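# Breakdown of the fold
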Amino acid sequence: MRADCSNYFKRSLFLVGEIGGNDYNYPFFVGGSIKQLQALVPLVVEAIVSATTKMLIEEGAAELVVPGNLPIGCSAVYLTLFQSPNKTSYDQNGCLKKYNAFSKYHNAQLKLALEKLRQKYPQAKIIYADYYGAAKQLFHAPLHHGFTNGAVKACCGGGGPYNFNNSARCGHTGSKSCNSPSTFANWDGVHLTEAAYRYIATGLIDGPFTSPPLQFPID
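Below is a short write-up of the structure. Values in this document were obtained by computation on a predicted structure and should not be read as measured data.

Below, the discussion takes up the overall build of the chain. Of the regular secondary structure elements, the chain holds eight helices and six strands. Along the chain, helices (α) and strands (β) appear in the sequence α-β-α-α-α-β-α-α-β-α-β-β-α-β when read from the amino end. C-alpha atoms of the chain, sized along the principal axes, occupy 55 × 45 × 35 Å. In the chain, of all internal contacts separated by at least 6 residues, the share reaching a separation of at least 24 is 68%. If you sum the accessible surface of the chain, you get close to 12,000 Å²; carbon and sulfur atoms cover 55% of it. Averaging the coordinates of the 19 positive side-chain charges in the chain and doing the same for the 14 negative ones gives two points 9 Å apart.

Moving on, we get to helix α2 (residues 21-29). Every buried residue of α2 is accounted for by Gly21, Tyr24, Asn25 and Phe28. With its buried residues spanning 105 degrees around the axis, α2 presents them on a single face. If you follow the buried residues of α2, they end up packed against α3 (34-38), α4 (41-53), α5 (76-81) and α6 (97-120). Backbone geometry just after α2 places glycine 31 at a positive phi near 105 degrees.

So, about the packing of α4 against α6. One can describe the packing of α4 onto α6 by two numbers: an axis separation of 10 Å at closest approach and a directional angle of 40 degrees. Between α4 and α6, the interaxial angle falls into the category oblique. When the axes of α4 and α6 are compared, the crossing they make is right-handed. Of the residues in α6, those touching α4 at Val41, Val44, Val45, Ile48, Val49, Thr52 and Thr53 are Phe102, Tyr105, His106, Gln109, Leu110, Ala113 and Leu117. Looking at the contact of α4 with α6 residue by residue, the classes come out as 10 nonpolar, four polar and no charged.

Taking 1.5 Å per residue, 13 residues should reach 18 Å; α4 reaches 18 Å between its end C-alpha atoms and fits that length. Of all the residues in α4, the buried ones are Val41, Val44, Val45, Ile48, Val49, Ala51, Thr52 and Thr53. For α4, the elements touching its buried residues are α2, α3, β2 (63-67) and α6.

Inspection of the secondary structure assignment puts alanine 154 in the loop between α7 (131-140) and β4 (156-157). Between the alpha carbons of alanine 154 and glycine 21 there is a distance of 18 Å; along the sequence they are 133 residues apart. Those residues in contact with alanine 154 that lie beyond four places of it in its chain are Tyr162, Asn163, Phe184, Asn186, Trp187, Asp188 and Gly189.

A general tendency of soluble globular proteins is for nonpolar side chains to be buried together. Residues Phe28, Leu64, Phe102 and Ile126 are the most contacted members of the largest nonpolar core, which totals 35 residues. Only α2, α3, α4, β2, α5, α6 and β3 (125-129) provide two or more residues apiece to this core. Of the residues forming this core, the biggest block, six residues, is contributed by α6. If we skip the residues at most four places from it in the chain, phenylalanine 102 touches Tyr24, Phe28, Ile34, Leu37, Gln38, Val41 and Ile72. Counting 20 residues, the second largest nonpolar core, distinct from the first, contains Ala134, Ala185, Ile200 and Leu204.

Parameters at a glance
Residues numbered from 1 in each chain as written. Predicted model: local features only at pLDDT ≥ 70, side-chain atom pairs only at ≥ 80, totals over all residues. Heavy atoms only, no water. Helix = DSSP H or I, 4+ residues; strand = E, 2+ residues; numbered from the N terminus. Contact = heavy atoms within 4.5 Å. Areas by Shrake-Rupley, 256 points an atom, 1.4 Å probe, with all protein chains shown as cover. Lys, Arg positive; Asp, Glu negative; His and termini not counted. Charge placed at Lys NZ, Arg CZ, Asp CG, Glu CD. Buried < 20%, exposed > 50% of the residue type's maximum accessible area, 1.4 Å probe, protein only. Arc of directions from axis to C-beta. Axes fitted to C-alpha atoms, helices over the stretch in contact; angles between N-to-C directions. Parallel < 35°, antiparallel > 145°, perpendicular 65-115°, else oblique. Left-handed = near helix turned anticlockwise from the far one by under 90°. Nonpolar A, V, L, I, M, F, W, Y, C, P; charged D, E, K, R; others polar. Expected span 1.5 Å × (residues − 1). Core = buried A, V, L, I, M, F, W, Y, C linked by side-chain atoms within 4.5 Å.

Below is the structure:
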């Protein structure tokens, strides 16, 4: 019954996304420029806002977590496809600066949109999840977090400097996986390992990568 649904909505925590990753990945992979993709950001943010409001808040959702995007410039697929001979293209962690700057641009626009939603729907707790900040810690100090095989090289792949080969992706002929995935932050060049996602989740649940912070009832 609708009344039951409303009650569940009020008592539930909704995770809205992460939305936007593939909306940007596919255009980038076929040659889209940073400038062209920046023009898509308002459309992606609008879609996130629409899903948050019309499908959730206006149906009674009271607490929502809306994640930003990850640092794509640290992803093995981007590092492989867009590798540069220019050392200034990379930050101190070996990530491509302009693609990370794009992720931060998306996240900044999303945070502005969420602030407007908070003013419009003060009855709802709208939480921004900083996936970028939580993940960036792994790339900044992988050894500190137990990733002895680093954060930018994929565990499962078909070779190359980042173990990502578009012709032999993870699970395809010519690829193989490492023996100890938990020592890698990157799984297949596109996704992170379970160990890396566990670290990000802990940063969201225990802080400090949610704004405002998550709060769980004490039994």
